[in-house]
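A closer look at the structure
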Amino acid sequence: MDEEILPFAPEHRGLPFADGAAGALLDVEGRVIGWTPAAEELFSLRADQVRGRRLRDLLKDPDAAGPPPERRTGAWSGEGVVRTAAGGELKVEFQVLPLTDVGTSAGAAAGPARYFVLAAPARIAARWRQDQAFTRELFLQDRLGLAVFDEELRLVRTNTHLLPYTGLPPDLRDRRLGDFLQAKDAAAVEQRLREVLRTGLPLVRVEETVRTLEDPRGGAVMAVSAFRLQSPDGQVFGVTALFTDITEMRRAGERLAVLHRATASVGGSLSVAGTAEELAAALVPALADLAVVEIAEAVFTGEEATPAPDGTLTLRRTAVAGRTSVEAPLESLVPAGPDDGAMPADPLTSLTVPLSARGSVLGRVAVHREAGEPPYEAADLDLLQEVAGHAALALDNARRYTREHRASVALQRSLLPPSQSETVAVTTAGAYLPADTGTGVGGDWFDVIPLSSARVALVAGDVVGHGLAATATMGRLRTAVRTLADLDLEPDELLEHLDDLVSQLRVETDEPEQPDDAAEHTRPRPDPIGATCLYAIYDPVSRRCSVASAGHPPPAVATQDGTVTFVPVNPGPPLGVSGLPFEVAEVDVAPESIVALYTDGLIESRDRDLDEGMAELSRSLSRPGVFDTSLRELGLEIVSARPAHHLTDDITLLLARTHVVPSEDQVVWPVAADPAAVADVREAAARQLRVWDLTDLAFTTELVLSELVTNAIRYTGGPVEVRLIRAGSLICEVSDPSATQPRMRRALLTDEGGRGLYLVAQLTTRWGCRYTRQGKTIWAEQEFPDGEVVLP
């Protein structure tokens, strides 16, 4: 064959028998004896127009087509340009196939009897070849599985990497997926393929897990894509599916999700145990069937985890998540070294890594998989180490918070009085609930301060703000109140002094920073100081209660007949605001009444106003059986009615059950302004002590009264009043109209006087002086002899 005259490279590229190809039947001399409809369309010539003509004559350049068919042997192909009846030109590719008559005998002369020619536009032929190459290369790919199914979902053709997984038969033709895959997995994939066959809608990267019958472990995660196969006339004859192994991609995504979930959830709690529980929960079931977190004992108290001399740490199993049936023996002692874990040479179903932060080992985390599950890989160890690193930092933060919280709570408790107390005047119980449940500290406080003459001061205060700053301010104010209370001031006078103190503190916090002090620039500015306070004095002898308020809600008084009233005290401005005077309200209190002092956090919230809160408190104090309930239980009941997570302010509640000093336990004598009356006072006191069976105190009492009454007559001129009270101790009082403060001094050996108050101080438990509206009262207390306790 003279291939040099062919107008194309001699590749003998054949045309596929595809829809749209033109066909012509030639005799042995190359004349047209058959013409297909596609040929009529391609050449724009009817069959009767070309019958008997040489096909090469239809070419634009017949000579370019090479020698005629009778001079060739075998099949050949080529290309050329044809003229159409419309006068146009079209580049085509063709293929010539020699034909031999069926009836030709084997011994007849060789040679074709006819020729069959296929022709198609060059662009269409090129596309056919591209389709063929694409299909051929798809089946040669080794990174994806390709399968052709018939309409019954039997495998017709596959490549060698249909599923990169063990347990596949060597020949898959005419098999169904259920012949080699787990029934559940095969059914899931076939359901997808049937949907494609039914609707014609392609399936794009739908993820399915496939497991073979021989190896039913974790299997492989495949992204399945599929499209329907149909002939040009629309007849459906199968479906083609592509299987892409995305197992590693899925595992990487799952590991990343575990990391994100762990970092997002771990650390949300400032509790050591809570952080451990969050860590264990984040690892199951994505990374483990069982997760165990163990924390060093010292971490729970906020201390550094210090190894024992042998280098081990004692751990507490803190959190367990997952199926506890998994066998996971762990020791309670672990080395405290910096080992970050290592991947064992043999596949294991367990991994353990330490929880280390800031150079200290805080514990460890272990994960386990049940037998039959895929073994852990190096990537799993890397993931666990990264999660453990984040969790260790959260644990260390929780440890530090625990240490600071314990210190804060210890500070708060040291600044507050005991929650329960018992005095001659009252029995009290206090309750405190901070709004900042994270720190557990705030600025509210209450106090019970014993005063002279069996009286008691009840205090409730509220500092603006929360946290340690408010606690520190509260401590300063509480100390100031106790100091001022020791002066036996009236409630309004005490609040005036306290108001001056708060004003000075506000000035201190408002002072500008020194420009040359670099530390001052980095230190946060303290919050402005503001506070409210209520100060009440209850006298069990007179049964009266005096109250003054600096912007604080009034106390409630509940009597045994079920009546609850609020003391009509006019609340002055908050402390440190205006410097205006405060008013005092006095009320009579029935014996065994309950007086309630509180802060506004108890009666005010976002969803109710003060009036509603005070009405609720009144109902709580007037319910049946309230006087049969202990004050501690009653206080906790009232406070716990407010949910802690809804609090906007701290809650403080002080309940005081009032007592009285019976009339037979007190006596009052007016004394004439005559030095001779001192003897009568001594004699009257001795008689009364015999009545009270306190003769052991007679000598001391006579001496004390003698000194005090003598000084009152000598320096004030009268009138003078003496009162004895038996209430927990023996109290002697001498009152006069003078406002001069007595002063104890140390007399010289040569001085004739000046030793009276010194003797009083030495002979009594304590003594003092308080101012009244009529003048002053000097008082002294003596403890009862051993074995004698007299309470109202």
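Quantities reported herein were computed from a predicted structural model and do not represent experimental measurements. (Residues numbered from 1 in each chain as written. Predicted model: local features only at pLDDT ≥ 70, side-chain atom pairs only at ≥ 80, totals over all residues. Heavy atoms only, no water.)

1. What about the nonpolar core?
Buried together is how nonpolar side chains tend to be arranged in soluble globular proteins. Formed by 42 residues in total, the largest nonpolar core has its most connected members in L279, L283, V293, I295, L355 and V365. If you list the elements that add at least two residues to this core, you get α5 (247-265), α6 (272-283), β11 (290-296), β12 (312-322), β14 (350-357), β15 (360-368) and α7 (378-415). Looking at which element gives the most residues to this core, the answer is α7, with 10 residues. Contact partners of V365, with chain neighbours within four places excluded, come to L279, L283, V292, V293, L351, T352, V353, L355, L384 and A388. Ranked by size, the runner-up nonpolar core spans 31 residues in total, among them L694, V704, V760 and I778. (Core = buried A, V, L, I, M, F, W, Y, C linked by side-chain atoms within 4.5 Å. Buried < 20%, exposed > 50% of the residue type's maximum accessible area, 1.4 Å probe, protein only. Helix = DSSP H or I, 4+ residues; strand = E, 2+ residues; numbered from the N terminus. Contact = heavy atoms within 4.5 Å.)

2. Details of the packing of α5 against α6
Closest axis-to-axis distance for the α5/α6 pair is 9 Å, and the angle between their directions is 165°. One finds that α5 runs roughly antiparallel with respect to α6. Our pair here, α5 against α6, has a crossing hand that is right-handed. Counting all contacts with α5, which are made through V258, R261, A262 and S265, the residues of α6 involved are E278, A282 and L283. (Axes fitted to C-alpha atoms, helices over the stretch in contact; angles between N-to-C directions. Parallel < 35°, antiparallel > 145°, perpendicular 65-115°, else oblique. Left-handed = near helix turned anticlockwise from the far one by under 90°.)

3. Describing a nonpolar patch on the surface
Taken together, Y758, L759 and L763 make up a surface patch of nonpolar side chains, about 230 Å² in accessible area. As for its position among the elements, L763 is in helix α15 (residues 756-763). Judged by relative accessible area, L763 falls into the partly exposed class, the value being 37%. (Patch = residues over 30% accessible without salt bridge, like charges linked within 9 Å, V, L, I, M, F, W, Y side chains within 5 Å. Areas by Shrake-Rupley, 256 points an atom, 1.4 Å probe, with all protein chains shown as cover. Salt bridge = Lys/Arg side-chain N within 4 Å of Asp/Glu carboxyl O.)

4. Regarding the pairing of strand β25 (residues 594-598)
Most of β25 is tucked away: five of the five residues are buried. What you see with β25 is no split at all: I594, A596 and Y598 on one side and V595 and L597 on the other are buried throughout. Where strand β22 (residues 556-558) and β25 come together, three bridges link them in antiparallel fashion. Bridged to A558 within β25 is I594. (Pairing = 2+ DSSP bridges.)

5. What about helix α13 (residues 677-691)?
An ideal rise of 1.5 Å per residue puts 21 Å on 15 residues; α13 measures up with 21 Å between its terminal C-alpha atoms. Turning to α13, its buried residues number three or more, namely A677, V678, V681, A684, A685, A686, Q688 and L689. If you follow the buried residues of α13, they end up packed against β27 (666-671), α14 (698-716), β28 (720-726) and β29 (730-736). Positive phi appears at D693, one or two residues downstream of α13, with a value of about 60°. (Expected span 1.5 Å × (residues − 1).)

6. A few points about unusual backbone geometry
In this structure, P285 follows V284 across a cis peptide bond, with omega equal to 5°. Along the chain, the position of P285 falls in the loop between α6 and β11. Positive phi outside glycine occurs at S44, with the angle close to 60°. As for its placement among the helices and strands, S44 is situated in the loop between α1 (37-43) and α2 (47-50). Judged by its relative accessible area of 35%, S44 is partly exposed. Here the phi dihedral of D174 falls at roughly 65°; this positive angle occurs in a residue that is not glycine. One can find D174 in the loop between β7 (155-158) and α4 (183-199).

7. Let's talk about the confidence of the model for the protein
When pLDDT is averaged along the protein, the result is 83; 84% of the residues meet or exceed 70. Across residues 343-347 the pLDDT falls below 50, and counting only partners more than four positions away or on other chains, this stretch makes six contacts in the model. Long-range and interchain partners of residues 518-522, a stretch whose pLDDT sits below 50, account for four contacts in this model, where long-range means more than four residues apart. (pLDDT = per-residue confidence, 0-100.)

8. Some points on the packing of α14 against α15
One way to put it is that α14 packs onto α15 with a least axis distance of 9 Å and a crossing angle of 150°. Of the possible angle classes, the one that applies to α14 and α15 is roughly antiparallel. The two elements α14 and α15 cross, and the hand of that crossing is left-handed. Note on element contacts: α15 touches α14 through G756, L757, L759, V760 and L763, opposite T700, L703, V704, E707 and L708. Split by residue class, the contact of α14 with α15 holds seven nonpolar, two polar and one charged. (Nonpolar A, V, L, I, M, F, W, Y, C, P; charged D, E, K, R; others polar.)

9. Let's talk about the sheet that holds β7
Spatially, the five strands line up as an open sheet ordered β7-β6-β10-β9-β8, and their pairing is antiparallel. Since the sheet does not close on itself, it has two edges, and those belong to β7 and β8 (203-210), each with one partner. Ignoring strand direction, the axes of neighbouring strands in this sheet form an average angle of 30°. In this structure, strand β9 (residues 220-230) lies alongside strand β10 (residues 236-245), joined through nine bridges in antiparallel fashion. Within β10, the residue paired with V224 across the bridge is F243.

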